[in-house]
Amino acid sequence: MSVYSDNSVFTSLLQHGPLAVEDCVNLSEPFSKRTREWVKRLSKTPNNVTKYRALRSQIFEFLEISSFEEIQEIIENDELRDQISKRAYARLANMFGIQGNTREIESRVHEYARTADAVVNSLKNKIFKPYTSHIATTNEIEVANDPIQLLLIIFDDRYHKKARFEARRKLQLMNLAASIHQREGETEIEVKFSNFLKFLNDFVWSRKQKIGEHDIVYLLSEHNEDDFSCKSVKVIDRAKAASIKTSKGTKLTLLKRRKFQVGEREYPIYVSIRKKPPEAKVLKLLRKNEKNPAIAVDDELGLMAVLDTVSDVKIFQNHLTRSASRADSFMVLEDISDTLTGTGEYSSSATGSSKKTPMLKFFARLGGMRVEFIIHTNRSWLNYMYQQDVAHDEYEVRRIFDSGVADLLFPAEIFQLDHTTIRIDMLKLFREQIEKI
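All of the points below concern the structure found in this document. (Residues numbered from 1 in each chain as written. Predicted model: local features only at pLDDT ≥ 70, side-chain atom pairs only at ≥ 80, totals over all residues. Heavy atoms only, no water.)

## Considering the overall build of the chain
Just so we agree on the cut-off: For the purposes of this entry, the term helix denotes a DSSP run of H or I that reaches at least four residues, the term strand denotes a run of E that reaches at least two, and both are numbered from the N terminus. Think of it in three bands: residues with accessible area under 20% of the maximum for their type are buried, residues over 50% are exposed, and the middle band is partly exposed, with areas taken using a 1.4 Å probe on protein chains only. In what follows, residue pairs with any heavy atoms lying within 4.5 Å of each other are defined as contacts. All accessibility values rest on the Shrake-Rupley procedure with a 1.4 Å probe; residue burial counts only the protein chains present in the view. When charges are counted, Lys and Arg are positive and Asp and Glu negative, with His and the chain ends excluded. A single reference atom marks each charge: NZ on Lys, CZ on Arg, CG on Asp, CD on Glu.
If you tally the helices and strands in the chain, you get 19 helices and eight strands. Buried positions account for 48% of the 437 residues belonging to the chain. Within the chain, counting contacts between residues at least 6 apart in sequence, those at least 24 apart form 70% of the total. Surface exposure of the chain reaches about 22,100 Å², of which carbon and sulfur atoms provide 48%. Mean positive and mean negative side-chain charge positions of the chain (67 and 62 charges, respectively) differ by 4 Å.

Structure below.
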């Protein structure tokens, strides 16, 4: 379900919905003609009425008021605003289980604000890079970290419509960041990530290599003209790579590989280990149209591996299971999807994903952790990086636009953007970058 649909859980951000940010704010005329017309529109959808009442109740509790007319006094009274702000921090701490003194609580809430900024900046620096000037956050909103200050800006007519929307958006993203942090504390994700790295170093990787040591090689690949899929690939060393000049349809891709040992033989493997940063988790919640990270974020710990052949992939999978046994833990593989052998299409419910993406994907449950593994051969990984309609950069564009997140965070009427055109332009730009010599 699109985050921009009528059933979105982010109704307060929808600019086509009943809670859209309007051109001006007037708190002193609750019975004006414009307000009565707005009430009629709201009342057409009972679910929206319920959402509005819940949101209004939250605002009143947050600001310790009983009517919207009282907001203007808080805006104008610095001392009253500071008092309300201090009490709000304490209540937020209780709500999200934040431990510490007043300064530590404020620091944690401000960290949520920085995560909210990072969500916007991550899109600005990649997916919307040519449109940075359109989506750059208003200075006053970017430096505001106090939830009460941001909430009051929404109702302050001195601020432009764009700034008031950005304040509302930042509060919503801060709320998601707080939920994610609370979930991470409950699941002890930091400890599990450290334990996962220790497991790999102690039981999976070859002891003949030092921790962090890599062998640098290159993949020299030829690609089909019609869709840039990998036609052939061979591994070459650095010396040979230095003498090669690529031409149209060829790529030279660096890999830093570790090793794992089975019997007397060592196998090379490229590994990318990740723990999703908070801003990536926030974006995933938005794409999934979900506010509960326990439901939407099931891949907090992940490992992507690239091996030379399908045979090597199977050997590595067995090696993982035996390594878990040596670590005194069973390993159970869940949600297995294997399309490396070419006997099926990859099935994913993720918006924007391609069925043409071959891989071995599964979740491994071991040592109190559930880790997502995505395993490729050299050829399938090159397709994942470069093939038309499969490449990860293109996938990132599609999932942001097709899920409705782009329009949710940067509504066209406020940011003066044509999202349909931008989607086409960015897919074209990434395709040109991928195929350039």
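## A few points about the sheet that holds strand β2 (residues 230–236)
As a reminder, the rule being used: Only strands that DSSP links by at least two bridges are regarded as paired with each other. All axes are obtained by fitting lines to C-alpha atoms, using only the stretch in contact for helices, and the reported angles, taken between N-to-C directions, cover 0 to 180 degrees.
Here eight strands make up an open sheet; going across it, the order is β2-β1-β3-β4-β5-β8-β7-β6 and the pairing mixed. Strand pairing shows two members of the sheet lacking a second neighbour, β2 and β6 (332–338), which therefore form its edges. Taking each pair of neighbouring strands and ignoring which way they run, the sheet shows an average axis angle of 35°. Relative to strand β4 (residues 265–275), strand β3 (residues 250–262) is paired through six bridges, and the arrangement is antiparallel. Residue pairing for β4: F260 is matched across the bridge by Y267. Contacts between helix α14 (residues 310–326) and the sheet are confined to β3, β4, β5 (301–307), β6, β7 (360–366) and β8 (369–377), with β3 contributing the most and set at about 40° to the helix.

## A few points about the nonpolar core
Inclusion rule: Side-chain atoms within 4.5 Å link the members of a nonpolar core, which is a set of buried Ala, Val, Leu, Ile, Met, Phe, Trp, Tyr and Cys residues.
Counting 72 residues, the largest nonpolar core has L63, F128, L173, L286, L409 and F410 as its most contacted members. Broken down by element, the residue count for this core peaks at ten residues, all from helix α9 (residues 161–187). If we ignore the near neighbours within four places in the chain, the residues touching F128 are L123, I135, I400, F401, A406, F410, L417, H419 and I422. Counting 29 residues, the second largest nonpolar core, distinct from the first, contains F316, A364, F373 and I375.

## Things to note about the packing of aromatic side chains
Threshold: In summary, the pairing rule links any two rings of Phe, Tyr or Trp, Trp by its six-membered ring, whose centres are within 6.5 Å, and it sorts them by plane angle into stacked for under 30 degrees, edge-to-face for over 60 and tilted for everything else.
Under the definition given, this model contains 14 aromatic pairs. Measuring from ring centre to ring centre gives 6.2 Å for F196 and F373, while their planes differ by 85°; the resulting arrangement is edge-to-face. Highlighted residues: F196 in helix α10 (residues 189–204) and F373 in strand β8, separated in sequence by 177 residues. In terms of burial, F196 and F373 fall into one category: buried. Between the aromatic rings of F362 and F373, the centroid separation amounts to 5.2 Å while the plane-to-plane angle is 15°, which identifies the pairing as stacked. Of this pair, F362 sits in strand β7 while F373 sits in strand β8, and the two are eleven residues apart along the sequence. The buried category is assigned to F362, whose relative accessible area is 0%.

## Overview of the pattern of salt bridges
Let me state the cut-off plainly: Take a side-chain nitrogen of Lys or Arg and a carboxyl oxygen of Asp or Glu: if they are within 4 Å of each other, that pair is a salt bridge.
Going through the model one piece at a time under the given rule, you end up with 24 salt bridges. Salt-bridge contacts for K161 lead to D23; the nearest nitrogen and oxygen are separated by 3.2 Å. With a gap of 138 residues between them, K161 in helix α9 and D23 in the segment before α1 (33–43) connect regions that are remote in the sequence. When its relative accessible area of 62% is taken as the criterion, D23 is described as exposed. In this structure, D202 engages K198 in a salt bridge whose closest nitrogen and oxygen atoms are separated by 2.7 Å. Pair noted here: D202 and K198 are both in helix α10, with a separation of four residues, about one helical turn. Residue classification places D202 among the partly exposed residues on the basis of a relative accessible area of 25%. One salt-bridge network, held together by shared partners, links K126, D393, E396 and R399.

## With respect to the side chain of R287
Along the chain, R287 turns up in helix α12 (residues 278–287). R287 gets classed as buried once you look at its relative accessible area, which sits at 15%. Excluding residues within four positions of it along the chain, R287 makes contact with R399, S403 and V405.

## Notes on the packing of helix α2 (residues 46–63) against helix α4 (residues 78–96)
What counts is decided by this rule: For classification, angles of less than 35 degrees are called roughly parallel, those exceeding 145 degrees roughly antiparallel, those between 65 and 115 degrees roughly perpendicular, and all remaining angles oblique. When residue character is reported, Ala, Val, Leu, Ile, Met, Phe, Trp, Tyr, Cys and Pro are called nonpolar, Asp, Glu, Lys and Arg charged, and the others, Gly included, polar.
At their nearest, the axes of α2 and α4 sit 9 Å apart, and the two run at 120° to each other. With respect to α4, the element α2 is oriented oblique. Seen from α2, the contacting residues are E61, F62 and L63; seen from α4, they are I84, A88, R91 and L92. Tallied by class, the residues present in the contact of α2 with α4 amount to five nonpolar, no polar and two charged.

## Concerning the pairing of β2
With six bridges connecting them, strand β1 (residues 215–223) and β2 associate as antiparallel partners. Within β2, the position partnered with L220 by the bridge is K234.

## A word on α12
α12 sits mainly inside the fold: seven of its ten residues count as buried. Among all positions of α12, only K281, V282, L283, K284, L285, L286 and R287 are buried.

## Structural notes on helix α16 (residues 392–402)
An α-helical segment advances 3.6 residues per turn. Residues three or four places apart therefore align on the same side. Extensive coverage of α16 is indicated by the burial of eight of its eleven residues. Buried within α16 are the following residues: E394, Y395, E396, V397, R398, R399, I400 and F401. Turning to α16, the residues buried within the fold contact α5 (102–124), α12, α17 (405–409) and α19 (419–435). A positive phi of about 90° marks G404, the residue just after α16.

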